[in-house]
Structures are given as C-alpha cells and as structure tokens.
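Overview (structure and organization)
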Amino acid sequence: NKFHLLLSLSLLLTMGSSSVEKGIAVADSEPPRGNRSRYAFACAILASMTSIILGYDIGVMSGAAIFIKDDLKLSDVQLEILMGILNIYSLVGSGAAGRTSDWLGRRYTIVLAGAFFFCGALLMGFATNYPFIMVGRFIAGIGVGYAMMIAPVYTAEVAPASSRGFLSSFPEIFINIGILLGYVSNYFFSKLPVHLGWRFMLGIGAVPSVLLAIGVLAMPESPRWLVLQGRLGDAFKVLDKTSNTKEEAISRLEDIKRAAGIPEDMTDDVIVVPNKKSAGKGVWKDLIVRPTPSVRHILIACLGIHFAQQASGIDAVVLYSPTIFLKAGLKSKNDQLLATVAVGVVKTLFIVVGTCVVDRFGRRALLLTSMGGMFLSLTALGTSLTVIERNPGQTLKWAIGLSVTTVMTFVATFSIGAGPVTWVYCSEIFPVRLRAQGASLGVMLNRLMSGIIGMTFLSLSKGLTIGGAFLLFAGVAAAAWVFFFTFLPETRGMPLEEMESLFGSYTANKKKNVVSKGKEVVDE
C-alpha cells in the first residue's frame, strides 16, 4: 500500500508542464487550478516523509526502553540518557543543515537526512550492547537534525501564501503519524522474546528511509533556492506548477528576485546573481552579530517559540508515557502500552485539526489557545499525580481517571497549536537569505531542550516528584502564553518576501497595512 501511494504521488508530481521563455514567459496553455494545488500538496507530502522516520524513532523508544532496560540491565540514568541523547546528537545535523541546504539545495539535504536515518536504524536494530546502541543513536540523531530543519523550510518555500500554513504543518502531522506507528510497533513486537522485540522495534525504522530516497527523485527543488543560484527559468517552472494562477507565479518570482537583490530587468533563464554571498557567507553576521531590529525580533521570536514548545514538557509525555501511566496506577505493561497508543491516536487526530484551521484562524490564535489548554492540563495532571503519590496503597479511581484524561487533553491542546504552528511560524518569518540558517538555530534550540527534558525527566521526577515535575511544566506554559501574547505578530496570508515588515517593534500588535499584489492585509 505504501508503495502504491508513493507511486501515485510520483506520477502526480510529473503531471503538467509549461514552456518557459526567458524564465517568466506565459505559456499558451495553463494547467487547471486543481492540478496546481495537487502538485504543491504532493511536494509537501514527499518532503514531510522525513518526519515519519523521526516520529517513529521518538515513539518507538517510549516502549522499547522498557525492554532494553530489562535486556541490557540499564540503570535509570543510563536509560534517560539513551532516551534523550538523540536530540543532543541532532544538534550536529541542525547546525550543519542551514549551510548544507544552501550548498546542496533543499532536496538533496532531505536525501542526506534519509541516509543518516537508514544507517542509524540498522545500527540500533543490530546493537548488542549499550555503547553500540549509542552509536546508532548518534547517526540517527544527525538525520533528525537535518530533517527537522529542512522539511518545513522546503514546504514553506514551495507553497503559495494562501495554503502555506496548511502545507507547512505537514511535517508535524507526519511526525505524529510516525509516533503513532512507533507506539503500535511497540505493542505488537512486545509479544516477541525480550531480546528480539526491541531490536525489531528499532530496526524496522530503516524501511521508510528507502521509500524516502525514491520519493525525493520526483520532487522539484525549492524555487527560492533556485533563484539564489541564478536559475530563474527552473525557479519559474516550479512556481508555475505550485501557484494558483500563472499571474501569481510571475508575481512570486518577482518578489523572490527583489528579496534576493536581483534587478527586475534580469530575466534570462540563467543569470549571475549580483553581489551573491554563496553558501551562506555573511549570513551569520547579518543574523546574529549585526542584525537589523526586524531580524533581531524575528530571531528572538523563533528561539522563544521553539523553547516554549519543548520546555513545556511534551517530550516527557511522548517518551515516558508508560512510566507516567504506571505512576498513575496502570500496573500492567499491556495496559500502559495500550494507553500510550491512545496518546498517539489523540495526538495525530488533533494535529490534523490544527493543520486544517491554521490558515483560517491564524497562527497567533492557535498558539494562545494551545498554550492555555496545555497550562490547564498540566496543572490538573500534576495535581492528580501528586494526590496519587501521597496516598500509596489506595486506589483513587477519580485521580487515576483524571491523570489519564489530562495526559490526553495535554497532547490534544499541544497538537492544535504549539505542535504544528511552531514549525509553520519559524519557517516563514525569516528573510529568504537568512531563512535556512535562522531556521536551523531554532531547530538546534528545539532539539537541545528536547534532549534536556528527555535526559532529566526521571531524575526530575525523583527530585520534585512526578506531580511536581508537571506543575513545573505548567509554570513554563503560563510564561510562554504571556510571551506569545505580547511578542508574536500574526503572519497569516503574508507573502514570505513581505514578512519582515511585521517585525521590529518587539510587540505583537504592530499595526501596519501592507498592500500586496492588490490585496490589503491588515495585521492584527
């Protein structure tokens, strides 16, 4: 079935072509609008397949850890390091992803991420001891770093403004599909002998990497990257297939050229970009050393939203669901794994909901709703776990029910906003020349915080109690809500090339009427 889906997508991507005269000439026949929408949709799906592999690795470790600990006789400290170290290792990939994608292109950076995933999964599946697994985690971690940055950036650069939020949410959807598949894998492979079960859980993750490598062959390169390389003709071909109209494709090309500093009268298919700073040279200076007020505001917004997403504890729930359900009163491993599968189902369903409404209600409204719901859920979860822990030997059904319910409401409210919108927002706000490196900084902080949470949650639960740990996360969520409310402007409907105009005042309520292509966009 996966092969048939992939084949269908590949055929879809090859549909429709148009002749291009000097990069921007209008072809005689225009593909139907539906074909254009399906083409952008298929591009987003293929780019987001890297996220399935990432999600699978995250989800499968939550259950595999139970059996790895028993089989290899690991301590709690060794176990939490194994759980969280993948995200620390991913800093290598995140740090290199911006420069690599500017050099190789977005598409081949996705191929590179898949190659790292493939090698890492095989190494973990054949591991015979703790150091062997750690080597596999390191290799897979590099792939995680690449994938987390490149998938949303590629999708944002291919998608038209009208559907950019929807399509840019795809990586988060596929992460959650991967997490759910990991949970399901845990449940079914748990029936095998202990020494085989966890190896199958981890090793099977190599299979999607092969499908990814095949699918990428059908993807076009990012039009914005092509423009930065001076390949205007190729860029227009991609824009023509992914825009709603021919006129929009021409308009998008002119916007990208303007943002890249290319004069309007340069219209050849291949040009030499004036004052080109190749392979990201000078970007770090413009991004960190001497940024403009707008760029500084954008960078702080990106880092702040990534910090809040992870520091509010989502990976503690995703990685340690069986442990949390054990503390909540579910004693059977089978019950713990089934409840964990339910977490994956809820998370995936609500990610789809968030994705469908992000372009309708806007990024800001979803972020505030999401973080508010997370705060309430974490407060209730921390309180109920504290009550259970302080009444050992008693079966408090209301507290057990509240704990399980609030785990579900926490992942649900996370998934409608903080989950998908973080990647949408940070992939669209940076200027085109700074986008790859700027997004990679956000991913690095995201993975660092995820690693810290994953590697310290068991110790934190012992120091503060598990209820106290979730009350701490609730405090972070409250602070994040205030940050979002005061600092993040709405970006819905804004062309990428005009996004910078929303920033610079360090507030979320910068009133500005922007006239774009004959349409007035009012920033709220």
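A brief report on the enclosed structure follows. All values reported here derive from a predicted model rather than from experimental measurement.

1. With respect to the overall build of the protein chain
A tally of regular secondary structure across the protein chain gives 21 helices and two strands. Evaluated residue by residue, the protein chain yields a buried proportion of 59% over its 524 residues. For the protein chain, the accessible area works out to roughly 19,800 Å², and carbon and sulfur atoms hold 67% of it.

2. Describing the packing of aromatic side chains
With the rule as written, the count across this model stands at 11 aromatic pairs. Measuring from centroid to centroid gives 5.7 Å for Phe189 and Phe200, while their planes differ by 20 degrees, and the two rings are stacked. Here Phe189, found in helix 7 (residues 170–189), pairs with Phe200, found in helix 8 (residues 194–203); they are 11 residues apart in sequence, far enough to count as distant. Among the residues examined, Phe189 registers a relative accessible area of 22% and is labelled partly exposed. Look at Phe470 and Phe473: their rings are 5.7 Å apart centre to centre, the planes differ by 75 degrees, and that puts the pair in the edge-to-face class. One end of the pair, Phe470, and the other, Phe473, are both in helix 21 (residues 466–487), three residues apart, so they sit about a helical turn from each other. Here Phe473 falls in the buried class, since its relative accessible area comes to 3%. One aromatic cluster is present, built from ring pairs that chain together Tyr320, Phe457, Phe470 and Phe473. The side chain of Lys191 reaches across the aromatic face of Tyr187, ending 4.4 Å from its centre.

3. Quick notes on the state of the cysteines
Tallied over the entire structure, the rule returns zero disulfides. Between Cys426, a free cysteine, and Cys302, which holds the nearest cysteine sulfur, the sulfur-to-sulfur gap is 3.5 Å. Take Cys426: its relative accessible area is 3%, and that puts it in the buried class.

4. What about the packing of helix 4 (residues 106–125) against helix 8?
In contact at an axis separation of 7 Å, helix 4 and helix 8 are set at 175 degrees when each is read in the N-to-C sense. The angle between helix 4 and helix 8 falls in the class roughly antiparallel. Each of Ala121, Met124 and Gly125 in helix 4 lies in contact with helix 8, whose residues at this interface are Trp198, Arg199, Leu202 and Gly203. In terms of residue class, the contact of helix 4 with helix 8 is made up of four nonpolar, two polar and one charged.

5. Topic: the side chain of Ser209
Within the secondary structure layout, Ser209 lies in helix 9 (residues 206–216). In terms of polar contacts, Ser209 uses its side chain to reach the backbone amide nitrogen of Phe118, at 3.5 Å. Excluding residues that lie within four positions of it along the chain, Ser209 makes contacts with Ile53, Gly114, Phe117 and Phe118.

6. Overview of the pattern of salt bridges
The tally for this structure, following the rule as stated, stands at 13 salt bridges. Across the salt bridge formed by Asp57 and Arg137, the nearest N and O atoms sit 2.8 Å from each other. Separated by 80 residues along the polypeptide, Asp57 in helix 2 (residues 33–72) and Arg137 in helix 5 (residues 130–158) bring together distant segments of the chain. As far as burial versus exposure is concerned, Asp57 and Arg137 are alike and both buried.

Basis of the calculations
Residues numbered from 1 in each chain as written. Predicted model: local features only at pLDDT ≥ 70, side-chain atom pairs only at ≥ 80, totals over all residues. Heavy atoms only, no water. Helix = DSSP H or I, 4+ residues; strand = E, 2+ residues; numbered from the N terminus. Buried < 20%, exposed > 50% of the residue type's maximum accessible area, 1.4 Å probe, protein only. Areas by Shrake-Rupley, 256 points an atom, 1.4 Å probe, with all protein chains shown as cover. Phe/Tyr/Trp six-rings, centres within 6.5 Å; stacked < 30°, edge-to-face > 60°. Lys NZ or Arg CZ within 6 Å of the ring centre and 35° of its normal. Disulfide = S-S within 2.5 Å. Axes fitted to C-alpha atoms, helices over the stretch in contact; angles between N-to-C directions. Parallel < 35°, antiparallel > 145°, perpendicular 65-115°, else oblique. Contact = heavy atoms within 4.5 Å. Nonpolar A, V, L, I, M, F, W, Y, C, P; charged D, E, K, R; others polar. Polar contact = N/O pair within 3.5 Å; in protein donor to acceptor, adjacent residues only side chain to side chain. Salt bridge = Lys/Arg side-chain N within 4 Å of Asp/Glu carboxyl O.

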